[in-house]
Amino acid sequence: MVTTFHYLLLSAALFTIGIIGVLTRRNIMVILMSIELMMNAVNINLIAFSDRLQQVTGQVFAIFVITVAAAEAAVGLGIVIAMFKNKETMNINEIDLMKW
Amino acid sequence: MNFLDLIWLIPLFPAAGFVINGLIGKRIPKTAVGVIAAGAVLLSFIFSAGAVYQLLQLAPEARSHTVKLYEWINAGAIPTTEGPLARFSVDWSFLLDPLSSIMILVVTGIGFLIHVYSTGYMHEEDGFYRFFAYLNLFMFSMLTLVLGSNYLMMFIGWEGVGLCSYLLIGYYFHKKSAGDASKKAFVVNRVGDWGLSIGIMLIFVTFGSFEFKVVGEKVREGVMSGAFHAGDSLFFWIAIALFIGATGKSAQIPLYVWLPDAMEGPTPVSALIHAATMVTAGVYMVARSNFIYQMAPQAMAVVAVVGALTALFAASIGLVQNDIKRVLAYSTVSQLGYMFLALGVGAFAAGVFHLMTHAFFKALLFLGSGSVIHAMHHEQDMRKMGALWNRIPITFKTMFVGTLAIAGTPGLAGFFSKDEILWQAFSSPHGNKLLWLIGVTVAGMTSFYMFRLLFMTFFGESRVDHHHVEHIHESPKSMTIPLIVLAIGAVLAGYVGLPSWLGGSAFERFLEPVFEPLPIAGATEAVEHYGAGAEIGMAAVSVAVALLGFTLAYFKYCKRSWEEQREIKQYGPFYPWLLNKWKIDELYDLLFVNRAKGTGVSLWKFDSQVVDGAVNGSALTTVKSAVGSSWWDRWIVDGLVRFVGGFVKTVSWPLRLVQTGYVQNYALVMILGVLVFIGYALWGTH
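Criteria and cut-off values
Residues numbered from 1 in each chain as written. Chains lettered and ligands numbered in written order. Predicted model: local features only at pLDDT ≥ 70, side-chain atom pairs only at ≥ 80, totals over all residues. Contact = placed C-beta atoms within 7 Å. Helix = DSSP H or I, 4+ residues; strand = E, 2+ residues; numbered from the N terminus. Nonpolar A, V, L, I, M, F, W, Y, C, P; charged D, E, K, R; others polar. Axes fitted to C-alpha atoms, helices over the stretch in contact; angles between N-to-C directions. Parallel < 35°, antiparallel > 145°, perpendicular 65-115°, else oblique. Left-handed = near helix turned anticlockwise from the far one by under 90°. pLDDT = per-residue confidence, 0-100.

A. Spotlight on the interface of chain A and chain B. Between chain A and chain B, the residue contacts involve twelve residues of the former and twelve residues of the latter. Sort the elements by how many residues they give to the side of chain A that touches chain B and helix H1 (residues 4-24) of chain A lands first, with three residues. The residue makeup of the side of chain A that touches chain B, split by class, is seven nonpolar, three polar and two charged.

If you want it as structure tokens, here you go:
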């Protein structure tokens with residue numbers, strides 16, 4: 001029997017993988033993918049509680065998250081392309097324009 | 001073994017093949033990739049055959065078996081137009097009944113032969129494993145489509161086959177034309193899928209269920225109790241929305257434009273996806289929803305008219321095409337038109353029958369054309385072929401059988417199914433003499449362009465490039481054996497559905513439980529009855545027309561070899577229109593594609609001129625107005641700030657090292673901070 005606890009465990013694992021990906025990877029694409037992982041971990045959380053509390057709100061919210069994630073991916077990829085055109089690199093270490 | 005309860009395994013075998021080949025296919029030998037892919041489909045075929053055999057042992061009324069794996073979606077209560085709340089609940093379940101039996105046997109049987117053929121045809125290609133992984137993914141999606149017991153499962157399969165079609169059309173993605181063709185197929189299919197999803201949503205809000213059987217029962221009950229009437233506008237709109245989906249997937253007017261371009265994919269893909277199986281998904285879906293179409297006579301008329309017009313239109317383009325695969329592609333569109341004509345006149349069984357026989361002979365013709373292309377070193381232009389019949393004898397013989405079958409030669413598969421459709425178009429209460437006339441005309445055209453293809457390729461003078469002449473060779477066994485098996489199928493497949501004057505169709509009786517007519521008042525009245533003589537007469541007419549097409553083709557392309565000038569003269573002013581596909585692509589470019597592009601460009605212009613202009617303008621104003629305040633700023637404010645800044649700078653140098661400019665460092669600090677807060681919240685409060 002799959003209980004809410006299992007969903008939360010899966011979600012926590014996904015979220016942790018996402019965080020580790022964002023923190024340790026150097027390729028922007030992989031970082032974007034890791035962010036998607038984190039968003040989907042959140043989605044699983046929302047759905048799990050929606051199921052537990054028998055309320056549709058969580059699912060509706062998850063659909064909003066998916067929509068936002070799609071927009072985020074579009075904007076993110078746009079930035080990556082613009083960045084690549086300017087710097088010809090996908091390595092995040094070489095993009096440090098925010099430094100003082 | 002009880003195969004009936006194991007039908008959920010049928011789609012799972014190719015899925016496993018897809019996972020294995022997709023993950024490690026690059027590292028294992030090509031033979032192993034081929035064996036895994038073809039073996040998975042063979043297993044599916046064995047399980048399908050076993051399940052269908054056991055289904056046949058049951059009484060005709062009991063031939064419907066549902067296997068529910070688990071409840072897939074359960075999202076609480078939702079109001080429907082009928083008033084009471086319905087639970088939005090969807091099962092991951094499979095349904096085996098006569099209709100899905102036929103579909104899975106066609107999909108796995110022909111799919112297996114094409115997998116075997118592909119091991120020979122694709123042997124020299126890069127990305128061999130990628131091809132087979134996609135092909136197996138396709139088999140999984142297609143089997144989910146036809147085995148799913150509800151509209152949502154079907155929709156998953158529907159989108160899955162669309163994705164695989166996209167991936168496989170763009171298999172040679174380094175060619176721009178292939179990439180463009182795959183995008184076109186995907187976008188055009190999206191338009192259709194929009195209609196299908198609207199239809200499915202309408203079905204749910206009307207009946208409160210996605211299950212085919214539940215919806216069918218509700219319609220039947222509604223008719224009995226007088227809640228629903230034939231011709232209700234609700235049914236009309238559901239039927240039309242579903243049919244928009246079918247026009248996309250099954251390449252009917254107005255969304256057929258992607259299928260001819262889909263020929264950019266490898267030939268086995270054209271045979272499997274774009275001739276035998278995927279494109280018939282629309283036919284399957286309409287046949288599956290027959291209870292809705294029966295309630296919407298106007299929608300049936302739309303289906304029949306669109307089908308007949310598509311058949312005629314595509315056949316007219318097929319008359320003059322010079323690319324061997326494009327002729328077959330237009331032929332496929334035309335034959336799909338036949339199937340929709342049958343569905344539209346209420347002869348659902350006849351449509352599905354033609355679907356099955358067409359799968360045999362069109363897969364055979366495509367694989368045969370692939371064998372020709374293989375022999376000719378990737379030459380697809382029939383203008384550069386000719387006199388090949390004794391160079392590649394097996395290919396020639398099997399293609400000859402396929403051509404005879406599609407042209408409607410008595411005794412072969414195409415004859416039985418096509419005549420059944422023409423007869424139903426003529427005699428059914430939904431039929432019309434005009435539809436029959438179009439059907440017969442198309443039969444003649446089909447015979448003409450198919451024999452033109454055969455004669456241009458295999459007879460006449462050789463127009464082969466003299467560099468290639470010595471290298472023409474027959475294909476390997478892995479390719480010729482599937483051809484031979486399919487040729488046998490193309491001869492024999494028709495005998496399960498004999499016309500009523502030869503003892504009646506076993507195929508139709510088998511499908512009867514699925515296509516049971518609804519008890520609609522007045523539907524059975526006013527049916528004209530014809531004797532067996534009329535039906536035989538009809539068959540004679542279509543054979544005569546096919547013979548006429550053959551004779552014309554024989555004199556134009558076999559007696560005298562093909563010449564471009566003669567062909568141009570023959571069609572006169574129509575020739576450029578036919579050759580350029582009635583310029584429909586250009587029309588769509590003008591109407592839709594360029595509109596979309598134009599909107600994009602004008603939005604960009606709006607952005608670069610109005611938005612940027614406003615930003616630049618406000619910036620300029622700010623700059624101008626800032627001159628005055630600049631003095632004050634520079635000397636008084638800056639002086640103060642510089643003093644403070646200098647002070648802070650001297651005091652704060654160690655902190656500066658923290659700001660590295662790497663986003664990831666900041667993120668790490670942020671996450672550590674969050675962890676500290678969490679820790680405090682958990683343990684720090686007491």
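B. Summary view of the environment of Gly503 of chain B. Looking at the secondary structure, you find Gly503 of chain B in the loop between helix H19 (477-492) and helix H20 (506-511). Distance in space between the C-alpha atoms of Gly503 of chain B and Val188 of chain B is 43 Å, their sequence separation being 315 residues.

C. Focus on the packing of helix H6 (residues 176-207) of chain B against helix H8 (residues 233-249) of chain B. Residues and elements named next belong to chain B. H8 packs onto H6 with a crossing angle of 150° between their chain directions and a minimal axis gap of 7 Å. Looking at the two axes, H6 sits roughly antiparallel to H8. For the pair H6 and H8, the sense of crossing is left-handed. Facing H6, whose interface residues are Val188, Asn189, Val191, Gly192, Asp193, Gly195, Leu196, Ile198, Gly199, Leu202, Ile203 and Thr206, H8 presents Leu234, Trp237, Ile238, Ala241, Leu242, Ile244, Gly245, Thr247, Gly248 and Lys249. A class-by-class count of the residues in the contact of H6 with H8 yields twelve nonpolar, eight polar and two charged.

D. Local environment of the packing of H8 of chain B against helix H11 (residues 281-288) of chain B. Residue and element names in this part refer to chain B. It is at 8 Å that the axes of H8 and H11 come closest, and there the two elements cross at 160°. The pairing of H8 with H11 is recorded here as roughly antiparallel in orientation. The two elements H8 and H11 cross, and the hand of that crossing is left-handed. Here H8 contributes Leu242, Phe243, Gly245, Ala246 and Lys249 to the contact with H11, which in turn contributes Ala281, Gly282, Met285 and Val286. Grouping the constituent residues of the contact of H8 with H11 by class yields six nonpolar, two polar and one charged.

E. How the structure looks around the confidence of the model for chain A. The pLDDT averaged across chain A works out to 89; a share of 97% of its residues lies at or above 70. Model confidence for chain A, summarised as mean pLDDT per element, is weakest for helix H3 (residues 57-87) of chain A at 91 and strongest for H1 of chain A at 93.

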